[in-house]
Amino acid sequence: MQTIDVLKLENFRLYKKIETRFDPGINIILGDNAQGKTSLIEAIYTLCLTKSHKSPTDYNLIRQEASFSRIYARGHRDKKPITLELILSKEGKKARYNKIESKRLSDYVGIMKAVMFAPEDLNLIKGSPSERRRFIDLELSQMDRHYVYHLNQYRKHLKERNEQLKRMQKQKSHDQTLLSVLTEQLSHYAKKVVQKRQEFVAALAEVANKIYVDLSKEDILKVSYEPSIEENFLQAFNARQTQDIALGTTTLGPHRDDCGFYFESMPVKNIASQGQIRTIALALKMAVIELLNKHHDITPIILLDDVFSELDSKRQQSILSMLDNKAQIFITTTSLNHLNLETLNSYQIIHIKSGTIEGVDTHESSHL
Ligand SMILES: Nc1ncnc2c1ncn2[C@@H]1O[C@H](COP(=O)(O)OP(=O)(O)O)[C@@H](O)[C@H]1O
Ligand SMILES: [Mg+2]
């Protein structure tokens, strides 16, 4: 079990400086729109993964007019006290685990694991391939340290190869040998990234389908990784070389891959109803929790941004029973009306207004 007991934020989104305590069980973040509910749990997610689930760049996370952002937490993991700290600034980011700065972010990501359920999850099915790649990369990064390293190396070499392609496009360079070296290095990391993604999606597909069928009692969901290069990476890159020089960019590789969702052989996004898309998104995130449970023996911190109160009580129950008191849970909502609070043993309500914590109510079940 992992918990965050105390959270301190400085210059994160709209927050100037706050400190708050959390319940080891269920925390309900209550407030009107645009008061800072999402930002609070986004901070927890970012602290665990070093990246936001929402914003592809860190820049938006730093409070306007501030030059850095700091997220600090004291918590527990497997009953041992731990501290985590993440500092974002224009110079980059710094992470500290138990007060010691991590040399590489890949050593830090995933020390505490978190799964976010958010309205943006619908984009996993309806949005562009980049959103599906982002999801896969974030989940894999908290499951596999080596993946973070390989992905970063891939990106670095992709950037270098693209720079050389641009120079060759503009006839500023004719260095074919340099391009060949860069292409060889790129294929090495491309292969590693694609292999890991394929393994992850295959495992996810199996579990997500089980959960989806269970929730919907109907269609069978197929999820498949769709790589732009499947094997012989070097050959594939080389075959595209003329075109890549003409365009000044690498047109194949993991940065162009996608992930597809199907009912039978029909792409889900062409036929599914809004309700089915919601259920698929839910099943995917629940599947991630199950994979973390199964392969990493840990239940992540669960962050539910606005989505929980929208679920019917059967789906609310199905998430809670899956977690079975083994996870710390954060639920943001504008109203308590649609939460089945009477089924909960104990919980805490945190009232948020304009980036400040107005008050905290603790509830213990009377029938305990
Ligand atoms: N970097 C930032 N600096 C200052 N304010 C921000 C920043 N990012 C977002 N905000 C503000 O925070 C508010 C949104 O907070 P949010 O957590 O999404 O609210 P809620 O989830 O309660 O609707 C908005 O008013 C937005 O303008
Ligand atoms: Mg919100």
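Read on for an overview of the structure.

Conventions used here
Residues numbered from 1 in each chain as written. Chains lettered and ligands numbered in written order. Predicted model: local features only at pLDDT ≥ 70, side-chain atom pairs only at ≥ 80, totals over all residues. Heavy atoms only, no water. Helix = DSSP H or I, 4+ residues; strand = E, 2+ residues; numbered from the N terminus. Rg over C-alpha atoms; globule rule 2.2 N^0.38 Å. Buried < 20%, exposed > 50% of the residue type's maximum accessible area, 1.4 Å probe, protein only. Contact = heavy atoms within 4.5 Å. Areas by Shrake-Rupley, 256 points an atom, 1.4 Å probe, with all protein chains shown as cover. Lys, Arg positive; Asp, Glu negative; His and termini not counted. Charge placed at Lys NZ, Arg CZ, Asp CG, Glu CD. Core = buried A, V, L, I, M, F, W, Y, C linked by side-chain atoms within 4.5 Å. Domains from an automatic or database assignment. Phe/Tyr/Trp six-rings, centres within 6.5 Å; stacked < 30°, edge-to-face > 60°.

**Digging into the overall build of the chain**
Counting its regular elements, the chain contains 11 helices and 15 strands. Taken over the C-alpha trace, the chain has a radius of gyration of 22 Å; the compact-globule value for 368 residues is 21 Å, and the two agree within 12%. Counting the 368 residues in the chain, one finds 54% classified as buried. Residue pairs at least 24 apart in sequence account for 70% of intrachain contacts in the chain once pairs closer than 6 positions are excluded. Per element, the accessible surface of the chain, about 17500 Å² overall, is 48% carbon and sulfur. Counting 52 positive and 46 negative side-chain charges, the chain places the centres of these two groups 6 Å from one another.

**Observations regarding the nonpolar core**
Ranked by internal contacts, the top residues of the largest apolar core, which has 72 residues, are Phe-117, Phe-261, Ile-280, Leu-304 and Ile-319. Considering each element in turn, this core owes the most residues, 14 residues, to helix H6 (residues 176–216). Here this core gathers at least three residues from each of two domains, domain 1 (1–113 + 299–368) and domain 2 (121–297). Every residue in contact with Phe-261, bar those within four places of it in the chain, is listed here: Leu-124, Ile-125, Arg-132, Leu-221, Lys-222, Val-223, Met-266, Pro-267, Val-268, Ile-280 and Leu-284. Counting residues in each nonpolar core, the second largest holds 38 residues, with Phe-12, Leu-40, Tyr-45 and Ile-71 among its members.

**Digging into the packing of aromatic side chains**
The tally for this structure, following the rule as stated, stands at three aromatic pairs. On the numbers, 4.7 Å between centres and 85° between planes, the contact of Phe-22 with Phe-330 is edge-to-face. You can see Phe-22 sitting in the loop between strand S2 (15–21) and strand S3 (26–30) and its partner Phe-330 sitting in strand S13 (residues 329–333), a full 308 residues away along the chain. Phe-330 gets classed as buried once you look at its relative accessible area, which sits at 0%.

Geometry only, nothing functional implied.
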